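Coordinates in review
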Amino acid sequence: MFLAFLRSILAEPRAPDPPARVWWDWVLVGALLVTAAGEAILRTDVAARPLATLVAFLVIPVLLWRRTHPLLATAVGWGGAMVLHVPVLLGDAAEVGLYSMGCVLLLPYALYRWASGREALIGTAIVAVPVGLGLAASATLEDVIGGTTVVVAAFALGAAMRYRAVAREREVQQVRALERGELARELHDTVAHHVSAIAIQAQAGRAVAATDPASAVETLAVIEAEASRTLYEMRTMVRVLRDGEGGDGDAADYAPQRGIGDLDELARMSPVVQVHRGGDLDGVAQPVEVAAYRICQESVTNAIRHSVNATTVSVHVTGDDGVVRLRVHDDGEAARPATPGGYGLLGMAERAKLLGGACQAGPDPAGGWTVEATLPREVPR
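Residues numbered from 1 in each chain as written. Predicted model: local features only at pLDDT ≥ 70, side-chain atom pairs only at ≥ 80, totals over all residues. Heavy atoms only, no water.

Points about the nonpolar core
- Judged by nonpolar contacts, the single largest core of 33 residues is most densely connected at Leu-263, Ile-295, Cys-296, Val-300, Val-317, Leu-326 and Leu-375.
- Contributing elements (two or more residues each) for this core: strand S1 (273-279), helix H10 (286-306), strand S2 (313-319), strand S3 (323-330), helix H11 (344-354) and strand S5 (369-376).
- Among the elements that line this core, the one with the most residues is H10, at nine residues.
- The residues touching Leu-263, leaving out its near neighbours within four places in the chain, are Val-275, Arg-277, Tyr-293, Cys-296 and Val-317.
- With 29 residues, the next largest nonpolar core counts Leu-32, Val-46, Val-62 and Leu-111 among its residues. (Core = buried A, V, L, I, M, F, W, Y, C linked by side-chain atoms within 4.5 Å. Buried < 20%, exposed > 50% of the residue type's maximum accessible area, 1.4 Å probe, protein only. Helix = DSSP H or I, 4+ residues; strand = E, 2+ residues; numbered from the N terminus. Contact = heavy atoms within 4.5 Å.)

Remarks on the UniProt feature "transmembrane region" (unreviewed entry) in the protein chain
- The feature "transmembrane region" (unreviewed entry), as given by UniProt, occupies residues 21-41, 47-64, 71-90, 96-112, 119-138 and 144-163 in the numbering adopted here.
- Summarising residues 71-90: 85% helix, 0% strand, and an end-to-end C-alpha distance of 28 Å.
- A helix fraction of 41% and a strand fraction of 0% characterise residues 96-112, whose end C-alpha atoms lie 27 Å from each other. (UniProt positions renumbered as here; feature names shortened; annotations may be inferred.)

Quick word on the sheet that holds S2
- Strand order in the open sheet made by the five strands is S1-S2-S3-S5-S4, with mixed pairing throughout. Either end of the sheet is taken by a strand with one partner, and the two such strands are S1 and strand S4 (358-363). Direction aside, neighbouring strands of the sheet carry axes that sit 10 degrees apart on average.
- Both S2 and S3 contribute to a ladder of seven bridges, which runs antiparallel. Bridging across to S3, His-316 finds its partner in Arg-327.
- The strands that H11 touches are S4 and S5; relative to S4, the one it contacts most, it runs at about 150 degrees. (Pairing = 2+ DSSP bridges. Axes fitted to C-alpha atoms, helices over the stretch in contact; angles between N-to-C directions.)

This is the structure we're talking about:
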């Protein structure tokens, strides 16, 4: 288990997109350099003052690279702290260093926040040496406990902020995935429905063109209307995706989406489509109405495209206590041709599931093909 944990740490990449140096980084470094210079001039109690001052002026500027080069900054910063222990180890002084050298505590935070797993392990070992020597030279147990707590807290804060950033990024990715799924369903349902209607009308026009030119002209008018509607809905979706700005500068059209009251439009696809509504359908939440319309739309589109010898495609929508029930049935042959890459059934099931409902589709024991869905009247919290 330990080896697996170690491998997972070593495989951890660097945190993505570390922020570049900002104005307050320069202010921080400048203030620390001024403080270090003031200490070097005014403090007379600093042992090995030239060495302490030199180390401080070398270490403090390294803070500018603590995000982009966390391991290097840690090595320089805590390496300088190690150098300050040399006079102590030689017995020439009890303590060496300026107060401004406390800034090296920013480096363990940056190490765990931005470095890779391998760099974090190496950096931890680098920090442990001067910290261990300093604590070993401490006179009291309170100093050991306090010093250890401060250093560990710096590491822990960096790790906590890294975990928070990762969790936030994961949440953003999940939201994006949901948005992409919703967009894919809307595009599929809109385009598939209208294109299917165009294809059906085009087939009918070809069949009657030679014997009934007037009917063929009427069919072309229907095709033109469907194509225009498809183009309009696609443009509307693109404008919404552009955050309200259309390609010509017009605001997005946020017209209400279709619902249960618009189901009669499905009958325009084919004379075999029959729409029936019953029960209490007032007060249904708008997302439920949209899902009901889209599920019925996709079911009718599939029935017209794939059913064989169907004479009726019936759409039944019923409002019951707490739920809305949908049933789309065609009396054609139950078999459906293979459609690799089809997302219609998947989209219907996803729509129902997102609302806390369910959707099933398959051959009907009595013949034909049936799609049934149950949706809650209210959107779950």
